[in-house]
Amino acid sequence: MIEVKNVNKSFDGNHVLKNVSAIFDDGKTNMIIGASGSGKTVLMKSIIGLHRIDNGRIEYDGRNLPDMKMKDIRVLRQEVGMLFQGSALFDSLSVLENVMYPLEMFSPMHIQEMEERARYCLKHVNLEEKSFQLAPSEISGGMQKRVAIARAIALQPKYLFCDEPNSGLDPKTALIIDQLIHEITVEFNITTIINSHDMNSVMEIGENIIFINQGVKAWQGTKDDIFHSDNEDLNNFVFASELFKKVKKANK
Amino acid sequence: MNIFQDTGRYVLLMKRVFVSPDRWRMFFRQFPKELEKLGLQSLPIVIIISIFIGAIMTIQTKLNTENPLLPTYSTGLVTRDTLLLEFSSTILCLILAGKIGSNIASEIGTMRITEQIDALEIMGVNSANYLILPKVTAFIVMMPFLVIFSMAVGLFGGYLVGVFTDVITTADYLLGIQYAFIPYYVFYSLVKSLAFAFLISSVAAYYGYYANGGALDVGKASTNAVVNSSILILFFNLLITNLMLN
């Protein structure tokens, strides 16, 4: 479980996160949603430790990240997997080598065991054997996301972060990636935090949704609660399109 | 960002770079690749530039010292000392600052803007150490070989002038390049080149590592890397020359 308590973050006097508190549960797909510039990416990067917060607490199962030394943060990060918006695969390595990389850095496994584990992870995200030796630039965006998920779960993380996992993907592939993340979260009981403004994802897999508006946590609930919320900002954001307005009407 | 902030950030980055790697196995896997990329792949440009500069220097020295009072071997001697003292260390490093500096800055800069460095950090890897240490050490290891190679090829370029033109005889040239040879000049040149290799690779890595934004910013990082490492090469050339030859 990750618990965020009264987190504030400013950049050159611009107060981006204002006293944000939230709990992200184990085995659930926790989603941070909000409009562009609302502060959701800053919140995620602060939780991971890529941004140093001004004050507040970020607890990973009781371990407060801002109090930790760099050495301890590195150890903690070995329990973290992350799926980046652009996949962030290493260009110089093949698909298989990308997934083996965290194992080579941190696991005591023998090289053959590492390869077996990497192959297992790649197969788990439904990638075919023939793509294993290809370079990341030789595979599609959807396949790159799958490789990135395989790399993120290679070390069996306790915490999984996904930054806009569906950006640049067609709706069908996006749905597959969403379901994959959800399956992995439940199967391995991971604390997953997804940063998204894709309403399809929210409706598909959002179990614990946190709505950030102008740096403030404006709402928290499940995907079912959204339909009954009277939060005006949330409604304006989620039901901006005609399609979702109709979906809301149908659900009411 | 002012020069003091840049210097401070550079020193802090180097502090992260020069620590024991998380996994030596990964370092030794990366190190030979960098030797090949930064060293061996620079050989063609070193050969081409050195051979032409050696030849041109011989012709110009001969044409500008047409004096019966000067001994005939003086052309070879001047060519040799110029190559040994300045060209094969300083000028060659200025040229390599362009090739290697832009290569390192753009490679690391692209990794930065495509979040690959963030991915390393999230995994708990010391990204500065993992990415920069093999490059800096490989370039430092390869530089003396490139310098020695440049000296030899440059002298050979001058020799070719004797073979293919009437500007100088090969006998005079060969006598000149052997006359009053001071081995310390080679040592001085190698010391300089080691310092320049560190400057080129580390300054370029610094600009690449702290690139932010998009492709345009990677281009800016590359330009800054080349310009600033060139200026530093000239400054340290003066400093080392004053220390070692004065």
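What counts and what doesn't
Residues numbered from 1 in each chain as written. Chains lettered and ligands numbered in written order. Predicted model: local features only at pLDDT ≥ 70, side-chain atom pairs only at ≥ 80, totals over all residues. Helix = DSSP H or I, 4+ residues; strand = E, 2+ residues; numbered from the N terminus. Buried ≥ 20, exposed ≤ 12 C-beta atoms within 10 Å, placed from the backbone. Contact = placed C-beta atoms within 7 Å. Rg over C-alpha atoms; globule rule 2.2 N^0.38 Å. Nonpolar A, V, L, I, M, F, W, Y, C, P; charged D, E, K, R; others polar. Axes fitted to C-alpha atoms, helices over the stretch in contact; angles between N-to-C directions. Parallel < 35°, antiparallel > 145°, perpendicular 65-115°, else oblique. Left-handed = near helix turned anticlockwise from the far one by under 90°. Pairing = 2+ DSSP bridges. Right-handed = clockwise from strand over helix to strand, strands pointing away. pLDDT = per-residue confidence, 0-100.

Would you mind showing me how to read the overall build of chain B here?
The number of helices and strands found in chain B is nine helices and zero strands. Written out in order from the N terminus, the α and β elements of chain B read α-α-α-α-α-α-α-α-α. By its C-alpha atoms, chain B is 70 × 35 × 35 Å across when sized along the principal axes. For chain B, the residues scored as buried account for 44% of the 246 residues in total. Contacts spanning at least 24 positions in sequence make up 87% of the contacts within chain B whose residues lie at least 6 apart.

Even after reading the chapter, I still don't get the overall build of chain A, so can you show me in this structure?
In terms of helices and strands, chain A carries ten helices and ten strands. For 252 residues, the compact-globule estimate of 2.2 N^0.38 gives 18 Å, and the C-alpha radius of gyration of chain A, at 18 Å, lies within 12% of that figure. In terms of principal-axis extent, the alpha carbons of chain A reach across some 55 × 45 × 30 Å. Per-residue burial over chain A gives 42% buried out of 252 residues.

Hey, could you run me through the interface of chain A and chain B in this one?
Bring the parts together and some accessible area is lost; that lost area is often taken as the interface size. Contact with chain A, which involves 16 residues of that partner, is made by twelve residues of chain B. When its residues are assigned to classes, the side of chain A that touches chain B shows eleven nonpolar, two polar and three charged.

Explain the packing of helix H4 (residues 74-113) of chain B against helix H8 (residues 183-209) of chain B to me, please; I cannot follow it from the model alone.
Working note: a packed helix pair is described by the angle between its axes plus the distance between those axes. All names here are of chain B. Closest axis-to-axis distance for the H4/H8 pair is 8 Å, and the angle between their directions is 20 degrees. The angle between H4 and H8 places the two elements in the roughly parallel class. In this structure, H4 meets H8 at a crossing whose hand is right-handed. Looking at the contact of H4 with H8, its residues break down into 17 nonpolar, ten polar and four charged.

Can you help me understand the pairing of strand E7 (residues 159-163) of chain A in this one?
A regular strand places its side chains on the two faces of the sheet in alternate fashion. Residues and elements named next belong to chain A. Within E7, five of the five residues are buried, which leaves the element mostly enclosed by the surrounding structure. Here E7 shows two buried faces, one formed by Tyr159, Phe161 and Asp163 and the other by Leu160 and Cys162. The sheet contact formed by strand E6 (residues 80-83) and E7 spans four bridges and is parallel. Among the inter-strand pairings, valine 80 is bridged to a residue of E7, identified as tyrosine 159. Sheet topology note: the E7/strand E8 (residues 191-196) ladder contains five bridges and is parallel. Across the sheet, aspartate 163 pairs through a bridge with asparagine 195, a residue of E8. The β-α-β motif built from E7, the intervening helix H6 (residues 171-188) and the parallel element E8 has right-handed crossover chirality.

Explain the confidence of the model for chain B here, please?
Detailed reading of predicted coordinates is not advised where the pLDDT is low. Residue and element names in this part refer to chain B. Residues with a pLDDT of 70 or more make up 100% of chain B, whose mean pLDDT is 94. Predicted confidence in chain B is weakest over helix H5 (residues 116-123), with a mean pLDDT of 91, and strongest over H8, with 97. Interface confidence in the predicted complex, given as ipTM, is 0.83; pTM for the same model is 0.87.

What is the right way to look at the sheet that holds strand E10 (residues 216-221) of chain A in this model?
The strands making up a sheet associate through backbone hydrogen bonding, with each pair oriented either parallel or antiparallel. All names here are of chain A. Strand order in this open sheet of six strands is E6-E7-E8-E3-E9-E10, and the pairing throughout is mixed. Both edges of this open sheet fall to E6 and E10, since each of them pairs with a single strand only. Between one strand axis and the next, the sheet turns by 20 degrees as a mean value, whatever way the strands run. The pairing of strand E3 (residues 29-33) with strand E9 (residues 208-213) spans four bridges and is classified as parallel. Bridging across to E9, methionine 31 finds its partner in isoleucine 209.

Quick question: what am I supposed to make of the sheet that holds strand E2 (residues 14-24) of chain A here?
Residues and elements named next belong to chain A. Spatial strand order, E2-E1-E4-E5: four strands in an open sheet with antiparallel pairing. The sheet is open, and its two edges are formed by E2 and strand E5 (63-64), each paired on a single side. Pairing of strand E1 (residues 2-11) with E2, which is carried by seven bridges, proceeds in the antiparallel orientation. Within the sheet, the bridge partner assigned to glutamate 3 lies in E2 and is isoleucine 23.

Quick question: what am I supposed to make of unusual backbone geometry here?
It is generally the case that most residues other than glycine have a negative phi and that most peptide bonds are trans. Residue and element names in this part refer to chain A. Phi is positive for asparagine 19, close to 55 degrees, though the residue is something other than glycine. Mapped onto the fold, asparagine 19 is located in strand E2. A residue is classified by how many C-beta atoms lie within 10 Å of it, and asparagine 19, with 14 of them, is partly exposed. A positive phi angle, near 75 degrees, is found at serine 87, a position not held by glycine. Tracing the backbone shows serine 87 in the loop between E6 and helix H3 (95-106).

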